[in-house]
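Tertiary structure, described
Okay, here's what each chain looks like letter by letter:
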Amino acid sequence: MHDFFVDRLVHAVDMRKLLVAVSEKAESGGGGIHGVRQTQIKGGNAANLAHALATLGRRTLLITHTDEQHRSLLLHPFQGLPAEVRTKPLPPGLTVAVEGKVNVMLGHAGGAGEFSPTLLDEDDWAALRGSRVVCSVNWAANAHGTELLAALREGLGPGKTIMLDPADVRDRADHFREFLRLTKRRRLADWYSLNEYEAGATASLLGLDVRGPAKTCRAVANELGVQVDLHTERCSFSSDGGEVHEAKVRWVKPKRLTGAGDVWAGAAIHGRLAGMSEEERLGFANTAARLYLVAEEPEPPAESEVLAAG
């Protein structure tokens, strides 16, 4: 759980040129900029993560939100997959993702910002109790993110594995600092999935003076007493605060960036549930993300595709 976004990808070969064109058009009184290629897809960390897991063959429950206008956009990708999608009556978030060498996302959280634990009913709690891993993602967008994780820990108990992908917390740094203080006392999550920038922000908010992703991964894991997965464009890492495991990333020229981190996280979860070694698991996740980056359509790969490409 929890977020579903409608993503409009704006493909910019040169992001600076696009920004200059927008500025010049605005200064001249406005108007259209033609020839900008765009794609509309289902998005949101939770929706993408669930789709990746189900495509890998994992039985997956997605608890999210949508309105009737966007229901088909959410449900269509899950047809034929071992997935159940439960929705709450909140509108999807909206994102315009400008994609170049990096991606810059302009987001409006919509219902993703108001997903509180009061939305979960008894059937939801029963399903969560039967899950091997519960994933709470995009804390950064949700005003009730800490409340949701606290309810999950209280309702599911200390033995349930809860994975957190907080997304980009830099705009909510003070709130995330408080969350980290709370989770150190109550262990609201057991397993963190972070990209390089999220990990750096987390280390800084914890007061850790470390440099480099490997050291950051180990330091954050040790400080919080959790497992940390950290993925970058060159290498991925995992640590429980002791040894750091790593796997290098094979460079490709991507067709898109938005959603790749969710595919990576889904493959990393799949690898752990499959009993892979840490190096195998990280390599599997790297390969899955690479296949997504170069695919003609923004679709996560099946397990057989990842194994064949690895």
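The structure reproduced in this document is the subject of the present report. Counting restarts for each chain, with residues numbered from 1 along the sequence as it is written. In keeping with the model being predicted, local features are shown solely for residues with a pLDDT of at least 70 and side-chain atom pairs are shown and tallied solely at 80 or more, while totals for entire chains, interfaces and linings include all residues. The basis for every side-chain value is the complete set of heavy atoms in the structure, and neither hydrogens nor water enter the calculation.

Details of the environment of aspartate 168
Where helices and strands are cited, they refer to DSSP runs of H or I of at least four residues and of E of at least two residues respectively, numbered from the N terminus. Tracing the backbone through its elements, the reader meets aspartate 168 in the loop between strand 8 (161-165) and helix 6 (173-186). Classification of aspartate 168 by relative accessible area gives partly exposed; the value is 38%. Any two residues whose heavy atoms approach within 4.5 Å are treated as being in contact. Apart from residues lying up to four places away in sequence, aspartate 168 is in contact with Ala140 and Glu198. Under this definition, polar contacts are N or O atom pairs within 3.5 Å; protein pairs additionally need one hydrogen-donor-capable and one acceptor-capable atom, and for neighbouring residues in sequence, both atoms have to be side-chain atoms. A distance of 2.8 Å separates the side chain of aspartate 168 from the side chain of arginine 170, its partner in a polar contact. A 1.4 Å probe rolled over the protein chains alone gives each residue an accessible area, and that area as a share of the maximum for its type sets the label: buried under 20%, exposed over 50%, partly exposed in between.

Some details on the pattern of salt bridges
Each reported salt bridge corresponds to a side-chain nitrogen of Lys or Arg within 4 Å of a carboxyl oxygen of Asp or Glu. For the structure shown, the criterion picks out 16 salt bridges. When the shortest N-O distance is used, the salt bridge between arginine 281 and glutamate 278 registers 2.9 Å. With arginine 281 and glutamate 278 both in helix 10 (residues 278-294) and three residues apart, the pair spans about one turn of that helix. Residue classification places arginine 281 among the buried residues on the basis of a relative accessible area of 0%. Overall, the relative accessible area of 17% leaves glutamate 278 in the buried class. Salt bridges linked by common partners bring Glu84, Arg86, Lys88, Asp121 and Asp124 together as one network.

Quick look at the sheet that holds strand 1 (residues 5-11)
A sheet is described by the order of its strands in space; here four strands give the open sequence 2-1-5-6, paired in mixed fashion. The open sheet terminates on both sides in strands that have one partner only, identified here as strand 2 (38-43) and strand 6 (103-108). Averaged over all pairs of adjacent strands, the angle between strand axes in this sheet comes to 20°, irrespective of strand direction. Should DSSP find at least two bridges between two strands, the strands are taken to pair. Pairing of strand 1 with strand 2, which is carried by six bridges, proceeds in the antiparallel orientation. Within the sheet, the bridge partner assigned to arginine 8 lies in strand 2 and is glutamine 40. Only the contacting stretch of a helix is used when fitting its axis, a line to C-alpha atoms as for every element, and angles between N-to-C directions run 0 to 180 degrees.

Keep in mind these values describe shape, not function.
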